[in-house]
Amino acid sequence: MKETIFLQEGFRKPEIEKPDPYYYVCGGKYTYEELNEMTWEEFGLRRHGSMPSKLYKYYSNKVIDGINYSIEALENNTVYLQEIKNFDDNYDCTLSINIEEFARLRIAYYAKTCGMEINEEWSYNRNVVEFSAFLYNKMRCGINLEQIFGIKQLSTREDYRRNIFCLNLKTVLLSCEGHDNIWQTAFYKAISDEYADIAKMMNRFRIACFTLSPYMINMWSNQYADNNQGFCIEYEIPVLSCRTDKLCNNLFPVIYSDARTDVLDRCLEYSEKELDEEYLSAIYKYGVLAKSKSMWKSQEEWRLVSCDNLLADNYNCKFYPITRVYLGVNMINDQRREIIDICKRKGVPYVGVVRNNERYQMMDCEKMCEECIK
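None of these values were measured; they are calculated from a predicted model.

A. Examining the overall build of the protein more closely. Counting its secondary structure elements, the protein contains 15 helices and 15 strands. Taking 21 Å as the expected radius of gyration for a compact globule of 374 residues, we find that the protein reaches 27 Å, considerably beyond that expectation. Referenced to the eigenvectors of the C-alpha coordinate spread, the extents of the protein come out at roughly 90 × 70 × 40 Å. For the protein, the proportion of its 374 residues judged to be buried stands at 45%. Taking as baseline every contact in the protein between residues at least 6 positions apart, the subset at least 24 positions apart corresponds to 75%. Entry remark: accessible area of the protein is about 21300 Å², with carbon and sulfur atoms responsible for 50%. Here the protein carries 47 positive and 56 negative side-chain charges, and the mean point of each set is 2 Å from the other.

B. Here's a closer look at the side chain of Lys 291. With respect to the secondary-structure elements, Lys 291 resides in strand β10 (residues 290-292). There is a polar contact of 3.3 Å between the side chain of Lys 291 and the side chain of Glu 301.

C. Inspection of the packing of aromatic side chains at higher detail. Counted according to the given criterion, the structure contains 26 aromatic pairs. An angle of 15° between the planes, with centres 4.8 Å apart, marks the rings of Phe 210 and Phe 319 as stacked. One end of the pair, Phe 210, is in strand β6 (residues 205-210); the other, Phe 319, is in the loop between β12 (316-318) and β13 (322-327), and 109 residues separate them in sequence. Looking at Phe 210, the relative accessible area reads 1%, which means it is buried. Taking the centre distance of 5.9 Å and the plane angle of 85° together, the rings of Tyr 215 and Tyr 326 count as edge-to-face. Residue Tyr 215 is located in the loop between β6 and α10 (217-220), and its partner Tyr 326 is located in strand β13; the two are separated by 111 residues in the primary sequence. One aromatic cluster in this structure is built from Tyr 109, Tyr 110, Phe 131, Phe 134, Phe 149, Phe 165, Trp 183 and Phe 187.

D. Quick peek at the sheet that holds strand β5 (residues 82-83). Taken together, the four strands give an open sheet; going across it, the order is β5-β6-β11-β8, and neighbouring strands pair in antiparallel fashion. Edge strands, defined here as strands with exactly one partner in the open sheet, are β5 and β8 (251-253).

E. View of helix α13 (residues 277-288). Of all 12 residues that make up α13, nine are buried, and the element is covered over most of its length. Those residues of α13 not exposed but buried are Tyr 279, Ser 281, Ala 282, Ile 283, Tyr 284, Lys 285, Tyr 286, Gly 287 and Val 288.

F. Spotlight on the sheet that holds strand β3 (residues 54-59). In spatial order, the strands read β3-β7-β13-β14-β15; together these five strands make up an open sheet with mixed pairing. Edge positions in the sheet fall to β3 and β15 (362-364), since each of these pairs with one other strand and no more. Each strand axis lies, on average, 30° off the axis of its neighbour in the sheet, ignoring direction. Judged from the five bridges that link them, strand β7 (residues 231-236) and β13 form a sheet pairing that is antiparallel. Among the inter-strand pairings, Glu 234 is bridged to a residue of β13, identified as Arg 324.

G. Quick peek at the environment of Ala 225. Following the sequence through the fold, Ala 225 ends up in the loop between α10 and β7. Taking the C-alpha atoms as reference, Ala 225 lies 4.1 Å from Ser 60; in sequence the two are 165 residues apart. Not counting the four nearest positions on each side in its chain, Ala 225 is found in contact with Tyr 58, Tyr 59, Ser 60, Met 219, Trp 220 and Gly 230.

Each value, and the rule that gives it
Here, residues in each chain are numbered from 1, in the same order as that chain's written sequence. Reporting of local features is limited, given that this is a predicted model, to residues whose pLDDT is at least 70; pairs of side-chain atoms are given and counted only at 80 or more, and all residues count toward the totals for whole chains, interfaces and linings. Calculation of side-chain values draws on the structure's entire complement of heavy atoms; hydrogens and water are dropped beforehand. Strands here are runs of E lasting at least two residues and helices are runs of H or I lasting at least four, both read from the DSSP assignment and numbered beginning at the N terminus. Radius of gyration here uses only the C-alpha atoms, and the compact-globule reference equals 2.2 Å multiplied by the residue count raised to the power 0.38. When a residue's accessible area, from a 1.4 Å probe over protein chains only, is under 20% of the maximum for its type it is buried; when over 50% it is exposed; and in between it is partly exposed. Contacts between residues were defined by any pair of non-hydrogen atoms, one from each residue, lying within 4.5 Å. Only the protein chains shown count as cover for residues, and all accessible areas are computed by the Shrake-Rupley method using a 1.4 Å probe. The charge count includes Lys and Arg as positive and Asp and Glu as negative, but it does not include His or the ends of the chains. For this purpose, a charge sits on NZ of Lys, CZ of Arg, CG of Asp or CD of Glu. Two N or O atoms count as a polar contact when they lie within 3.5 Å, although within protein this holds only if one can serve as hydrogen donor and the other as acceptor, and sequence-adjacent residues are included solely when both atoms are side-chain atoms. Geometry of aromatic contacts follows a simple scheme: Phe, Tyr and Trp rings, the Trp one being its six-membered ring, pair when their centres are within 6.5 Å, and the pair is stacked under 30 degrees between planes, edge-to-face over 60, tilted otherwise. The pairing criterion is simple: DSSP has to find at least two bridges between the two strands. An axis is simply a line fitted to the C-alpha atoms; with a helix, the fit covers only the stretch in contact. Between two such axes, the angle follows the N-to-C directions and lies from 0 to 180 degrees.

So, in structure tokens, the structure goes:
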């Protein structure tokens, strides 16, 4: 009888999880309104107050293109500032923008700039049809595109944008004269270039990633530490009263959430004016520092972020003092011996990490690392 019941019931059905609307920073929970209203200055002060005394970075200890960059980091006390395109998370350091709406609103903006009346409810295609007819009729009357767009001098970012947009239209109109849908092609080219400029701006960022613990299974077992064959370096962060150097000013906690935040309005502003603190704040909060809560929150990540402002030798940036090195449980003997020799020469303590039999977490090995070298 029981067997029949068990077969019919199976295991308990999973509870339907409700979307979590909150944003998590250093373990604290914030609503979108709270985070959005937090000025960049306030965010910076809170960041300094929550900065840990130690940060940890995992290294694979692999040789890549003939160079072991992990060993270089240990020897030279540097961290590598990675290009965001090389991150393993496709969402990492990307902006959530409704591209179709961006295109619709940018066409409407330029149409208004040229003196055309626009219905705010019109779709992108309707905007293109109406605006192209408007420009075509003006040009038939002997008015060139520069005059229609009111381009006289390039004194502001808005002037510059308007000039580039106009040039893109002219380039397509001249090169594709007589082709079908030439105006649609011209507008597509001009808007695509504007959108690409936003993506290009994101590529200015380079990042080094850290965590708050040397005992994280998910960090040891994946590519970061090459399935426990790598090592982890502990760095000492200055006390609060001494956190005034450029490194500290560019260290940030990751912001975890389940939902992505659309930054369309901020990107539209960026297209019309210079990069300011308010826009930069949104780029950091909802792009550079934003990660999936369900996928990555357990990493408790901090990031050293450079936006053309950290001096580094080939993107290897001098970092804070190394205070300890943790050796992976699967590290091969020759590599273990090499790491130990470097640590001894530099006077850095070291310890092996092993599985904790009571919890799903790594722990310090009680043996001397040399005992594990056969």
